[in-house]
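The primary structure of each chain is shown beneath.
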Amino acid sequence: MPPAVMTDRMLGFLVSDIARLLRRAMDRRLQSLGLTQAQWRAIVHLSRSEGMTQAMLAESLEIQPITLTRLIDRMEAAGWVERRTHPLDRRAVQLFLTPQSQPILEEMHARAADTLNDATHGVTPRALRQLVTTLEQIKQNLIAAESTAVSSEISGITRHGRTRTRPVRVRA
């Protein structure tokens, strides 16, 4: 197996494993707060983008909208989340964190910092900055490739004006 292929495979598995292990570590640290993984992930996403619609949050969490509706029902009953009608689209619902969720969010941030400190133990600040820079570049490359693929699929037209008859293949 060529080194580039092996590295590509290892990178994908490694990133996936690290994400899974970080989620498990956060689950353990947040268990005493009575938060499920779905709840703490929803709170984090909403803290970064309050006012997002339920559909946007479902997509971000990679869960079905009906599953999210039940989750938000429970979080609203707990007083952590508030639903508001979207000002431009009465069918859409925007989600906002309540003041009651702020102490939970602050505690989540503190425990997340502890988790990341444990995870990066022995990594120099310079190596960590380089890792983050590299991962951000990979993320941007993937976003650009996805955007190009989606645009091509929507139009169904190649850059030469012909209708596409084969699946889209994106080069990174």
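Residues numbered from 1 in each chain as written. Predicted model: local features only at pLDDT ≥ 70, side-chain atom pairs only at ≥ 80, totals over all residues. Heavy atoms only, no water.

Brief notes about helix α3 (residues 54-61)
Logical step 1: Buried within α3 are the following residues: Gln54, Leu57, Ala58 and Leu61. Down the axis of α3, the buried side of the element spans an arc of 100°, and every buried residue falls inside it. Relative to its buried face, α3 has exposed residues pointing more than 90 degrees away, namely Ala55 and Glu59.
Logical step 2: Of the surrounding elements, those touching the buried residues of α3 are α2 (37-48), α4 (65-77), β1 (81-85) and β2 (93-97). (Buried < 20%, exposed > 50% of the residue type's maximum accessible area, 1.4 Å probe, protein only. Helix = DSSP H or I, 4+ residues; strand = E, 2+ residues; numbered from the N terminus. Arc of directions from axis to C-beta. Contact = heavy atoms within 4.5 Å.)

Side note on the packing of aromatic side chains
Logical step 1: Within this structure, the stated rule accounts for zero aromatic pairs.
Logical step 2: Sitting over the face of the ring of Phe96, Arg84 holds its NZ or CZ atom 3.8 Å from the ring centroid. (Phe/Tyr/Trp six-rings, centres within 6.5 Å; stacked < 30°, edge-to-face > 60°. Lys NZ or Arg CZ within 6 Å of the ring centre and 35° of its normal.)

Comments concerning the packing of α2 against α3
Logical step 1: α3 packs onto α2 with a crossing angle of 120° between their chain directions and a minimal axis gap of 10 Å. Taken together, the axis directions place α2 and α3 in an arrangement best described as oblique. Crossing angle aside, the handedness with which α2 passes α3 is right-handed. When α2 is examined against α3, the residues Arg41, Ala42, His45 and Leu46 are found in contact with a partner set consisting of Leu57, Ser60 and Leu61.
Logical step 2: Classifying every residue of the contact of α2 with α3 gives four nonpolar, two polar and one charged. (Axes fitted to C-alpha atoms, helices over the stretch in contact; angles between N-to-C directions. Parallel < 35°, antiparallel > 145°, perpendicular 65-115°, else oblique. Left-handed = near helix turned anticlockwise from the far one by under 90°. Nonpolar A, V, L, I, M, F, W, Y, C, P; charged D, E, K, R; others polar.)

Quick word on the pattern of salt bridges
Side chains that differ in charge, positive against negative, can pair when their charged atoms come close.
Logical step 1: In total, this model carries seven salt bridges according to the counting rule given.
Logical step 2: The salt bridge involving Arg83 is made with Glu76; its shortest N-O contact spans 2.7 Å.
Logical step 3: By relative accessible area, Arg83 is classed as partly exposed at 23%.
Logical step 4: In this structure Glu76 comes out as partly exposed when scored by relative accessible area, which is 32%.
Logical step 5: For Asp89, the salt bridge is made with Arg91, and the minimal N-O distance between the two is 3.1 Å.
Logical step 6: Taken together, the shared-partner salt bridges connect Asp73, Glu76 and Arg83 into one network. (Salt bridge = Lys/Arg side-chain N within 4 Å of Asp/Glu carboxyl O.)

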